[in-house]
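Analysis of the macromolecular model
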Amino acid sequence: MKLLIAAAAAFAIATAPYTFHFPADHGSHPSYQTEWWYFTGHLKAADGRKFGYEVTFFRARVRPQDVARAQRILGSSKWRGDQVYAAHFALTDQNGGKFFHAERVARSALGLGAAAVGKLAVNVDTWSLKGFPMTLHADDGDTRLALTQQPLKPPAIHGHDGLFRKGACASCASHYYSFSRLHTRGVLTYAGKTLAVSGTSWMDHEFGTNQLLSEETGWDWMSLQLDDGRELMIYLFRRPDNTIEPQSSGSLIERDGRVRPLSLNQFTVTATSRWRSGATHALYPASWRVRVPSASLDLNVTPVLANQELVLRSSPSYWEGATDVRDAATNRARGQGYVELTGYVERVIL
Amino acid sequence: MKALLTLFRSLVLGYMWQNRLRSFVTLLAIGLGIALFVAIDLANATAIASFSSNVNIVTSRVNLQVLGEGRGFDERTLLKVMRAPDVVQASPVIEDSIVVGARQGDPNSGEILRVLGIDLLQPLPEGVDVRGNTSDPYGLMDGRGAIVSQRVVDRLGLHIGSSFAALAGGRPVTFTVAAIVPRTVSAADSSVVFVDIVTAQELFGKVGTIDRIDCIVAPQHLAQVKAALGKIVPPGTRVVEPATRTDEVRRLLRSFQVNLAAISLIALLVGAFLIYNTVAISVVQRRAEIGTLRAVGATRRQIFAAFLTEGALFGVLGSFLGLIFGYFLARLAVGAVTHTVNTLYVGTHVDRVLYDPRLMIEALLFGIAVAMISAIAPAVEAARTQPSRVMGSRGFEPRMTRLAILLSLGGLLLLGVAYILAQAPAIDGLPLFGYASALCIILGASLCVPLGVIVTARLLQNLGYGFSSAAMLAAANFGGTPRRNSLAIAALAIAVAMIVSVSVSVFSLRATVAAWLDQTLIADLFVRPMGVSGEVYDARIPAKIPERIRALPGVAAVDTFRGVEIPCRGSLITLARTDFRTIGQRDWVRVSGGADAATLARTLPGTTRVIVSAPFAEKANLHPGDALVLDTPAGPTSFRIAAIYDDYSNDAGTVMVDQRTFNRLYRDDSAGMFSVYAKPGTDLNALRTRVIRAALPLRVEVQTTHDLRAVVFAIFDRTFLITQALNIIAITIAVMGVVSTLFALVLERRREIGVLRYLGLTIRSVRNMVLYEATLIGVLGGLFGIGAGMLLGLLLIYVIDRQAFGWPMHLHVPYWPLAESLLLVLIAAILAGIYPAQVAARIATADAVRAE
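Residues numbered from 1 in each chain as written. Chains lettered and ligands numbered in written order. Predicted model: local features only at pLDDT ≥ 70, side-chain atom pairs only at ≥ 80, totals over all residues.

**Notes on the overall build of chain A**
- Within chain A, the secondary structure is distributed over one helix and 23 strands.
- A buried classification covers 49% of the 350 residues belonging to chain A.
- Partitioning the intrachain contacts of chain A with sequence separation of at least 6 by distance along the chain shows that 59% fall at a separation of at least 24. (Helix = DSSP H or I, 4+ residues; strand = E, 2+ residues; numbered from the N terminus. Buried ≥ 20, exposed ≤ 12 C-beta atoms within 10 Å, placed from the backbone. Contact = placed C-beta atoms within 7 Å.)

Written as structure tokens, this is what we have:
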């Protein structure tokens, strides 16, 4: 995300209502500055072992300029280009209490990084995302993950009229949708063993330009998949004084796939404990009480493992981890979730 | 043990303090010897380290490299390598150089910075931070971002975001400082500039290619991966472990290093002679004391141990002194060595000396060992002293004549051995037998010195009717203490021999090179990209530029040259492109073996028949008609050697191939440099200006034959500057030896001199007597030195340099410079007599008579 730094006016900016056209909008939108395809999910192996995973592809445009023109003036190296691709791969071994992660950065040269326009086809080095049927692959050394994803609900478009607001400024928004419930099957090679795995995943696809206000330092994001067939997405943008940007919001996705936007006054999220990273010394919130009175939800969200921090070299480090979801009153299991915490190590600029 | 300590204190420490001047001189001598040894080793180690650090600068975990030899290879190879099993990481690298601060007309004005073009999006070296920088720090789109070392930033007065001008392959270019590499990361070589692969490819005309791939491979599968990659990389590339290339460079520098080391060892040998001398004098002077000690119960073993410890003490103190000197000397030497190394071999930059503690400890132990070995003989003699000879009034030296004859016979025998050793071939490219032969010459000549002393003394005494009494006395004294004088003379002779031999061989090489340049530098102008130094042909001038210059008025012809560095037999050689059609007409090359120039011009163009440089032929044992297989981008190619040609420009080896063949193999018709022949009567200065203009936008350096000759000799003289410095140090040590010997002799003869004074010898005569003796030492040292030096010189010219560097040359004696330096040695020896002469002159008659 260090690569996502830019300040320019010639990018396409998410300011107006947007009508998604699928499957074309699953593909890349290279005129926007930042775009990502985010997979998180919970997998179970045949032997009963449980894993959380994250595979994410980023696209960042360095500067809104005509590559062809730059090549004419400066030269024709194939390594020249305005798009940079990155990808993160993380695996939470719930039974073993271990967390593994890897990163890749690439540009278009030699086809090392690519994101197709009009169809779902993204790759960074050997890691790839293709559709449809949707397949996902990531590998690092002896750890590999190859999955197929079957959407159980249509894309859930967040915000209002295809515009998802992140702050008070004109450009502080993105176009954002999720596959909130994917049936996942595939193969995981881990710790010397190849395991057949299956489970449930969540996919986010989001793109925009200059999305955050300068006073926003990062965000807390969570996706909860409830056993009753509903899903909840919450996106909180933080300011340096730890207050929440009033434009922050969420979505409740009903059993039938209908999306109910939630404004900040319709839910509360309270951090109930903290965890200090040994690697980055960042202090993260570590469990939450989530209330959505209008949906009769009062939940405790707890990480399955404290250390699910991605310590990265080419982007700011962040925490992204699998969580349990339990009823606050009865402590009964209500589902599973994933939480993302950014901007605790250094400020994130989008 | 306690007895030994007491003995040591009374016999050694007290004495050393009483004779502190001589002790100090001895310490200084061994110190200088060790210092030279340390400095040269440190300087060499640093030069090598700075080269290998460049390999490891991005990450030290790189354990396999794909190298394009002399030419980049298709960038798509990267993908194949990345996808190979067990390759954890594969990073593309472009290697090239830029020049900062270059001025037209001054070829030495610029500093060459090595450029590594890497994928800057990948994680950077630890400690290099680009956070908080502008939106496109690497110039992925429209900038020329560079990551520069703190040293370069300081030198050029830069900061993050500021720009600096440079020349890339002769073309002006502006870089922006995107980040700074802190000193902690830049290791020994701070001249490396990192740029993005885009910048490097476009700037150096390498679009679509890369020069090397740095791989991190699972260590347990290294061998398999290496073999597997070998099958997928294109021809003209090879897969090696990083150490291989460092080894090749090390090998390239080896002859140069070993030669310097040999010279520093000779300096140490002179120091060893001095220690021997000092301990021997102290034994002779304290014979009475030793006798007394033996009489009161000191054992032989204790006496032996005490004197051996004296030697060891000199060794320890002197070596420590040497380490300190060496530390500072290394700073000076490292500049000289790297300059030479850069000029002759590879470009690196060294900021600071790497002090290798292992090397320092080795030098320390070596110094102590040499000192103790030097002290063994005198210590044995001390131990032999009989308790009964209590009060010998004078430390008589035994009658030496028979011994001197025996020693001389031994010396002659050693000279014979030296001759036999000189016939032996090099071992693995190193003239080891040659060095052994040199040692035999030095020892052999030294062993002949005592007889020389005795014979000289007799001759002078027999012929000396017309001499003054002081001269007669000097001659008698000279012959009376042959051993001590012999030692001083031998030390002086070794130093003189060193000067003579080095001067003779350097002068011979210089004369040979001059003759060679006369025959080969016959073009009128030499053109190369500005800021690209001497022998490096791998800059790329597009073929259209020499074409353009060929069409200029006043130009008769243009010859282009281009060279690529490729591995061959564990070292690196240059494969150079040339136009064989002109070999007969313009005679730029002097063929010394195989077919003649006219035949070559007729038969070589377009073929794979080549000519190889004499040093290469000598070292690789190649002859006309032999086949030579080299890796080229077209795969392993077999070349046939048609002839050998003389080349003194470097000892690494050059293979010249016809341009059509080269262009076919390398698909590259650019030039590294070219030479211009003017039509008769053309104004060369005006032509020079026209050439500079015609080459634009390429900035070129145009030199006339005269300029180029001057540059060649400037490089030559700088290269041998370090050997001249060694000479001066050796002679300084030897002159110190003369001082200490004469001083000891004077002290020993106190009573005798007192009596002579009593008998009416004037102060002036006493003083002259000592000065005459100094003169005798100087003359004899000079004569023996010249004799041994000429032998060593011949050995250097015909055996050592030939085997080490492959440079055939002929003897040229620099009569006047030699005569001057000999005169200097003689004057130095006489000057060395002045202080002892003063001391002798001050000896009071009364004291001496009272003692008598």
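What follows picks up the thread again.
**So, the overall build of chain B**
- Per the secondary structure count, chain B includes 26 helices and 21 strands.
- By residue count, 52% of the 852 residues in chain B fall in the buried class.
- Across chain B, the fraction of contacts at a sequence separation of at least 24, relative to all contacts at a separation of at least 6, is 86%.

**Re the pairing of strand 4 (residues 111-118) of chain B**
Residue and element names in this part refer to chain B.
- Burial within strand 4 is extensive, with six of its eight residues counted as buried.
- Alignment of strand 3 (residues 87-100) against strand 4, held across eight bridges, turns out to be antiparallel. Across the sheet, Glu95 pairs through a bridge with Leu116, a residue of strand 4.
- Where strand 4 meets strand 8 (residues 192-196), five bridges bridge the pair, whose relative direction is parallel. What sits directly across from Val115, in strand 8, is Val193. (Pairing = 2+ DSSP bridges.)

**Observations concerning helix 9 (residues 287-295) of chain B**
Residues and elements named next belong to chain B.
- Restricting attention to buried positions, one finds in helix 9 the residues Ile290, Leu293 and Arg294. In a view along the axis of helix 9, the buried residues occupy a sector of 100°, so they form one face of it.
- Gly297 lies just past helix 9 and shows a positive phi near 115°. (Arc of directions from axis to C-beta.)

**Re the environment of Gln89 of chain B**
Residue and element names in this part refer to chain B.
- Tracing the chain through its elements places Gln89 in strand 3.
- Under the C-beta neighbour-count criterion, Gln89 is labelled partly exposed, with 14 such atoms within 10 Å.
- Here Gln89 is in contact with Cys215 and Ile216, once residues within four sequence places are set aside.

**Some points on the nonpolar core**
- Counting 159 residues, the largest nonpolar core has Phe57 of chain A together with Ile98, Ala146, Val193, Phe194, Val527 and Val676 of chain B as the members making the most contacts within it.
- Both of domain 2 (64-240) and domain 4 (531-698) of chain B provide at least three residues apiece to this core.
- Beyond its immediate stretch of four places on either side in the chain, Val193 of chain B contacts Ile98, Leu113, Val115, Ala146, Ile147 and Val148 of chain B.
- In this structure, Val38, Ala471, Val502 and Ile843 of chain B belong to the second largest nonpolar core, which totals 129 residues. (Core = buried A, V, L, I, M, F, W, Y, C linked by C-beta atoms within 7 Å. Domains from an automatic or database assignment.)

**Description of the pairing of strand 3 of chain B**
Residue and element names in this part refer to chain B.
- Of all 14 residues in strand 3, eleven are buried; the element is thus mostly enclosed.
- Where strand 3 lies against strand 10 (residues 212-217), six bridges are found, and the strand directions are antiparallel. Of the residues in strand 10, the one forming a bridge with Ala90 is Cys215.
- In this sheet, strand 6 (residues 163-168) lies alongside strand 3 in antiparallel orientation, the contact comprising two bridges. From the neighbouring strand, Ile98 faces strand 6, where its bridge partner is Ala168.

**With respect to the packing of helix 13 (residues 432-463) of chain B against helix 15 (residues 482-520) of chain B**
Residues and elements named next belong to chain B.
- The N-to-C vectors of helix 13 and helix 15 enclose an angle of 135°; their axes lie 9 Å apart at closest approach. One finds that helix 13 runs oblique with respect to helix 15. When you trace helix 13 past helix 15, the crossing you get is right-handed. Between helix 13 and helix 15, the residues in contact are Ile442, Ala445, Ser446, Val449, Pro450, Val453 and Ile454 and Pro482, Arg483, Asn485, Ser486, Ile489, Ala490, Ala493, Ile494 and Ala497, respectively.
- Here the residues of the contact of helix 13 with helix 15 are counted per class, giving twelve nonpolar, three polar and one charged. (Axes fitted to C-alpha atoms, helices over the stretch in contact; angles between N-to-C directions. Parallel < 35°, antiparallel > 145°, perpendicular 65-115°, else oblique. Left-handed = near helix turned anticlockwise from the far one by under 90°. Nonpolar A, V, L, I, M, F, W, Y, C, P; charged D, E, K, R; others polar.)

**Quick look at the environment of Val504 of chain B**
- Topologically, Val504 of chain B is positioned in helix 15.
- A sequence separation of 311 residues divides Val504 of chain B from Tyr815 of chain B, and the C-alpha atoms of the two residues are 9.1 Å apart.

**A word on the environment of Ala306 of chain B**
All names here are of chain B.
- Summarising the element assignment, Ala306 is placed in helix 10 (residues 300-344).
- By C-beta crowding, Ala306 is classed as buried, having 24 other C-beta atoms within 10 Å.
- Distance in space between the C-alpha atoms of Ala306 and Ala382 is 9.5 Å, their sequence separation being 76 residues.

**Comments concerning the confidence of the model for chain B**
Residue and element names in this part refer to chain B.
- Looking at chain B as a whole, its pLDDT mean stands at 76, while 77% of the residues score no less than 70.
- The secondary-structure element of chain B with the lowest mean pLDDT is helix 26 (residues 845-851), recorded at 56, while helix 3 (residues 77-83) shows the highest, at 91.
- Predicted confidence is poor over residues 343-349, with pLDDT under 50, and the contacts of this stretch with residues over four places away or in other chains come to 25 contacts.
- Predicted confidence is poor over residues 389-396, with pLDDT under 50, and the contacts of this stretch with residues over four places away or in other chains come to eleven contacts.
- With a pTM of 0.68, the predicted complex shows an ipTM of 0.84. (pLDDT = per-residue confidence, 0-100.)

**Points about unusual backbone geometry**
Residues and elements named next belong to chain A.
- Looking along the chain, the bond that leaves Phe22 and enters Pro23 is cis, with omega of 10°.
- Here Pro23 is to be found in the segment before strand 1 (34-45).
- With an omega of -20°, the peptide bond between Gly131 and Phe132 qualifies as cis.
- Positive phi, normally seen in glycine, also occurs at Asn242, with a value near 70°.
- Here Asn242 shows up in the loop between strand 15 (231-238) and strand 16 (249-253).

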